[in-house]
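# An overview of the molecular structure
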Amino acid sequence: MSATVYVTRPLPQELLTALAAVCELRLASGEAPLSSRNLPAEVRDCAGIICLLTDQIDADLVAALPQLKFVSSISVGVDHIDVDALTARSIALGHTPGVLVDATADLAFALLLAAARRLGEADRFVRAGQWRADNAWSPDFFLGKDVSGATLGLIGMGAIGQAVARRAAGFGMRVLSWNRTPRAVAGVVAVPLEELLANSDFVSVHVARTQQTLGLLDAARIAQMKKGAVLINTARGGIVDEQALARALDSGDLYAAGLDVYDSEPLSPGSPLLTHPRVVLAPHIGSATAATRRAMVTRALDNALAAVTSRQMPYCANPQVYEGAPPPA
Ligand code: GLV
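What counts, and at which threshold
- Residues numbered from 1 in each chain as written.
- Predicted model: local features only at pLDDT ≥ 70, side-chain atom pairs only at ≥ 80, totals over all residues.
- Heavy atoms only, no water.
- Pairing = 2+ DSSP bridges.
- Helix = DSSP H or I, 4+ residues; strand = E, 2+ residues; numbered from the N terminus.
- Axes fitted to C-alpha atoms, helices over the stretch in contact; angles between N-to-C directions.
- Contact = heavy atoms within 4.5 Å.
- Domains from an automatic or database assignment.
- Buried area = accessible area lost by both parts, 1.4 Å probe.
- Buried < 20%, exposed > 50% of the residue type's maximum accessible area, 1.4 Å probe, protein only.

### Notes on the sheet that holds strand β3 (residues 48-51)
Strand pairs in the sheet, formed through backbone hydrogen bonds, run parallel or antiparallel to each other. An order of β2-β1-β3-β4-β5 is seen for the five strands of this open sheet, with the pairing classed as parallel. Looking at the sheet topology across the chains shown, the edges are occupied by β2 (24-27) and β5 (92-94). Adjacent strand axes in the sheet meet at a mean angle of 20° when their direction is disregarded. With three bridges joining them, strand β1 (residues 4-7) and β3 adopt parallel strand pairing. By the bridge assignment, Tyr-6 is partnered in β3 with Ile-49. With respect to the sheet, helix α10 (residues 290-308) is in contact with β1, β3, β4 (70-73) and β5, its orientation differing from that of β4 by roughly 170°.

Here you go:
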């Protein structure tokens, strides 16, 4: 036992026992996310970092930590990490795929339903005391969009996209999908992206944020969406052009949006999305259920334990670091 592992946020004590038995765990003293601009002295001699998606592990940070042997992120997405900078130094990167699929698909569907049926607006209306005897109900009161029988277009057919497709089937929706490498899924019709955008009443984004997906839904692609469609994003900000989305909502080309992720998080107070009544906003809570978060922490700690005990991480985002390595004992 000698390695020191830096943990950027307090984690449930009972989950840390196995790791604490084989290394020294050093908990960050502050709350500010780790970054190359905020690099506390206590991280400098650490062999490992257990971090969150708000920590920014960029090339400068990696260069400043010569002892670093592994990073384990409590997230499935790794776009807050310069994976190439880690891989170049054979630093293994752990992440947590699988365990947050259902929670994230549930939130995507919750946003879809909330946006379609104007739940954010309706909730604000009741709380503001605007629901009165003289307007209590009328045939056109708070009309929304039908979900049942509508067409849902899924951009990205990984595990989360497929889980959303299963939920959509329960709502009697027709499901179209687009994936960079086409993927056949029962009950889902794979189509070119343009066709998906032109024919979907609801579009839900489920691709990782990479160089290829940044700006995927730019102004031109948003303009290709069916008039009156609803856009849902629980994947990552930066994939959707937020300014173009706001303009399409203002012009009425799009009906509504349900968003959990943003270009910059927290969402800037100046964002036009904040003032649009038909945008349902959530603060990046796709995986936020107690069981899911516990499973994510467990998976991240399993990755760290493997690294500290010279084994291959079970969930490694850059497995090429193990190429040519001797098989685990
Ligand atoms: C959540 O967004 C994650 O990447 O885990």
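### Points about the domain arrangement of the chain
Structurally, the chain comprises domain 1 (3-99 + 290-322) and domain 2 (101-281). Taking only C-alpha atoms, the centre of domain 1 and the centre of domain 2 are 32 Å apart. Opposite the six residues of domain 1 that make contact, domain 2 presents four residues. In total, domain 1 and domain 2 occlude about 440 Å² of area from one another, counting both sides; carbon and sulfur atoms represent 47% of this. It is Leu-53, Asp-79 and Gly-98 that lose the most area in domain 1 upon contact with domain 2, and together they represent 68% of the buried surface on that side.

### So, the pairing of strand β9 (residues 202-205)
Neither face of β9 is exposed, since Phe-202 and Ser-204 on one face and Val-203 and Val-205 on the opposite face are all buried. Both strand β6 (residues 151-155) and β9 contribute to a ladder of four bridges, which runs parallel. Each residue of the ladder has a partner; that of Leu-152, found in β9, is Phe-202. Across four bridges, the pairing between β9 and strand β10 (residues 229-233) is parallel. If you follow Phe-202 over to β10, its bridge partner there is Val-230.

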